[in-house]
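Per-entry structural report
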Amino acid sequence: QQLKTAGNKDQKTNADLIQMQLDLEKQKFDLDKKEGDLKKLTADLSARETKIAELEKLLSDQKLQSEALRDAIKKALTDFTAGELSVYTKDGKVYVSMSDKLLFKSGSTLVEAKGIEALGKIADVVKKNPDIQVNVEGHTDNVPYGSNGGLLKDNWDLSLMRASSVLHIMTDKYKVNAKQITGSGRGEFFPIETNATPEGRSKNRRTEIILTPKIDHLLNLLGQ
């Protein structure tokens with residue numbers, strides 16, 4: 001009986017040892033898998049950190065480029081008053097907002113002499129920065145345009161033709177590369193002040209020249 005009991009204990013001990021070995025093998029397999037997953041996560045994290053650093057550098061470079069461009073435009077336009085135009089940066093772009101008093105007579109699409117002078121100074125800066133893109137946007141107040149049966153039917157037409165006039169002066173007279181510049185008319189739909197007062201309507205009647213530094217590398221990285 002003692003021998004039988006001892007044999008049973010040995011068998012149980014062997015079974016327990018085998019089970020322990022199986023458990024250890026499973027734990028080692030799980031550990032190896034977790035180690036592999038950790039290496040992959042570490043590599044992914046390192047690659048992501050590299051991209052983030054590259055993106056931050058591109059954003060910093062774009063900000064510096066926009067600020068330098070803004071300063072160059074401001075320096076070129078020092079002869080003009082705050083009531084005639086303003087220069088500022090927004091969303092990485094440089095805006096030159098020019099009042100209709102500087103550029104146009106009421107209801108006209110012909111640029112006045114002083115406005116042509118201002119456009120020439122902007123064109124000089126643009127030509128020194130061939131990588132930037134330029135968009136000319138015409139804006140009006142909400143007072144309906146009296147077409148009197150002419151080609152211009154409404155404020156949308158007026159804003160578009162004014163943008164076109166500015167665009168042609170910059171490309172035809174001042175030789176800005178036509179591939180750098182586009183024109184658009186926004187009508188009365190993007191006011192910056194209330195149209196309920198004469199002062200507000202006056203500020204809404206404007207032409208904005210928007211200069212955008214080249215951001216192809218930034219867009220490619222964001223796409224990735």
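Described in the following lines is the structure provided in the data block. (Residues numbered from 1 in each chain as written. Predicted model: local features only at pLDDT ≥ 70, side-chain atom pairs only at ≥ 80, totals over all residues. Heavy atoms only, no water.)

**Regarding the nonpolar core**
Under the convention used in this document: Working definition of a nonpolar core: buried Ala, Val, Leu, Ile, Met, Phe, Trp, Tyr and Cys residues. They are joined through side-chain atoms within 4.5 Å. Exposure classes here rest on a 1.4 Å probe applied to the protein chains alone. A residue is buried below 20% of its type maximum, exposed above 50%, and partly exposed in between. Helical segments are the DSSP runs of H or I of at least four residues, strand segments are the runs of E of at least two, and each set is numbered from the N terminus. Residue contacts are counted whenever heavy atoms from the two residues lie within 4.5 Å of one another.
Membership of the largest hydrophobic core comes to 32 residues, with the highest contact counts inside it found for M98, M170 and I209. Elements with a contribution of two residues or more to this core: helix 1 (2–76), strand 1 (85–90), strand 2 (93–99), helix 2 (100–103), helix 3 (113–127), strand 3 (133–139), helix 4 (155–173) and strand 5 (206–212). Not counting chain neighbours up to four residues away, the residues in contact with M98 comprise E84, L85, L103, A118, L119, I122, R206, T207 and I209.

**Quick look at the packing of helix 3 against helix 4**
Basically, it comes down to this: Here an axis means a line fitted to C-alpha atoms, over the contact stretch when the element is a helix, while the angle between two N-to-C directions is reported on a 0 to 180 degree scale. Orientation categories follow fixed angle ranges, with anything under 35 degrees roughly parallel, anything over 145 roughly antiparallel, 65 to 115 roughly perpendicular, and all other angles oblique. Less than a right angle of anticlockwise turn of the near helix away from the far helix marks a crossing as left-handed, whereas a clockwise turn marks it as right-handed.
The geometry of helix 3 relative to helix 4 is characterised by a closest axis approach of 10 Å and an angle of 60° between their N-to-C directions. Viewed along their axes, helix 3 and helix 4 adopt a mutual orientation that is oblique. For the element pair helix 3 and helix 4, the recorded crossing hand is right-handed. Residue-level inspection shows I116, L119, I122, A123 and V126 of helix 3 in contact with helix 4, the latter providing V166, I169, M170 and K173.

**Digging into the sheet that holds strand 1**
For clarity, the cut-off: Any two strands with at least two DSSP-identified bridges between them are counted as paired.
Spatial ordering of the open sheet is given by 1-2-5-3-4, a layout of 5 strands whose pairing is mixed. Edge positions in the sheet fall to strand 1 and strand 4 (181–185), since each has one partner strand and no second. Within the sheet, the average angular offset between the axes of one strand and its neighbour, ignoring direction, is 20°. In this structure, strand 2 lies alongside strand 5, joined through 6 bridges in antiparallel fashion. Residue pairing in the sheet places S99 in a bridge with R206 of strand 5. Running at roughly 170° to strand 2, helix 3 makes contact with strand 2, strand 3 and strand 5 of the sheet.

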